[in-house]
Amino acid sequence: MNFKRTLSVMAAALLLAGCDELVPLHSGLAEQQANLVMAALGEAGIPCAKETGDEGTWNVTVEKTRFADAVNILKARGLPQPQYNGIAEVFKKTGMISSPSEERIRFMDALAQDLSRTISGIPGVVDARVHVVLPENDPFARNTLPSSAAVMVRSRWDADISDAVPSIKALVKNAIEGLEYDKIQVTVFPDPPPKK
């Protein structure tokens, strides 16, 4: 009986010796993001593991010899997806009173982040950033400055999202009061194809 147990221990030790050391790849991820990371690595044939982290988060580890491959694959896929602060987080007050300028800046930032998050959900889009300009016009002035928006979209190398650009512009126009369609610039940057 002891002989069988000794053989089992030796076999397990040999198996572990054949495995590469696991190193942290990403930590503090929401479970959905950790699962997306693991799925992408699994599709690429890179062994990885998920373990619990701090305060309900998850950590993903990968074999040390495959670390660089894992980083490049996740970068090409836009994973883990960036975390955006919504209106509730941005408008969280730290003091008793906020100035009108602070409130305006928080509002523009929250609006831009919400639009970025929405556009990032379009198939083929890896990441998106929206920059909103809402001039503080005098309501009694004859000449006013128009609002404008610039949208940067990073797309997958194998996705053509040029047909989605008019829809992205319409989305931004309808989300920002008083913004005209021709004052929205959308620029698409496709990722380079993965190296063979």
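A. The nonpolar core, seen in detail. By size, the foremost hydrophobic cluster in this structure holds 21 residues, and its most contacted members are Ile119, Val151, Val153, Val172, Ile176 and Val186. Among the elements of the structure, helix 5 (100-120), strand 4 (125-133), strand 5 (148-155), helix 6 (165-175) and strand 6 (184-190) are those that each provide at least two residues to this core. Here the element with the most residues in this core is helix 5; it accounts for 5 residues. Counting residues in hydrophobic clusters, the runner-up holds 14 residues, among them Val23, Leu25, Trp58 and Ala70.

B. Broad picture of helix 5. Taking 1.5 Å as the rise per residue, helix 5 with 21 residues should run 30 Å; its terminal C-alpha atoms sit 30 Å apart, in good agreement. Residues of helix 5 that are buried include every one of Arg106, Met108, Ala110, Leu111, Ala112, Gln113, Leu115, Ser116, Ile119 and Ser120, and no others.

C. Focus on the pattern of salt bridges. This structure, assessed with the given rule, holds 8 salt bridges. Residue arginine 66 is joined to aspartate 69 by a salt bridge in which the shortest nitrogen-to-oxygen separation is 3.1 Å. Look at aspartate 69 and you get partly exposed, because its relative accessible area is 36%. Of the charged contacts in the structure, one is a salt bridge between arginine 129 and aspartate 127, with a shortest N-O distance of 3.0 Å. Of the residues examined, arginine 129 reaches a relative accessible area of 33% and is grouped as partly exposed. In this structure aspartate 127 comes out as buried when scored by relative accessible area, which is 11%.

Basis of the calculations
- Residues numbered from 1 in each chain as written.
- Predicted model: local features only at pLDDT ≥ 70, side-chain atom pairs only at ≥ 80, totals over all residues.
- Heavy atoms only, no water.
- Core = buried A, V, L, I, M, F, W, Y, C linked by side-chain atoms within 4.5 Å.
- Buried < 20%, exposed > 50% of the residue type's maximum accessible area, 1.4 Å probe, protein only.
- Helix = DSSP H or I, 4+ residues; strand = E, 2+ residues; numbered from the N terminus.
- Expected span 1.5 Å × (residues − 1).
- Salt bridge = Lys/Arg side-chain N within 4 Å of Asp/Glu carboxyl O.

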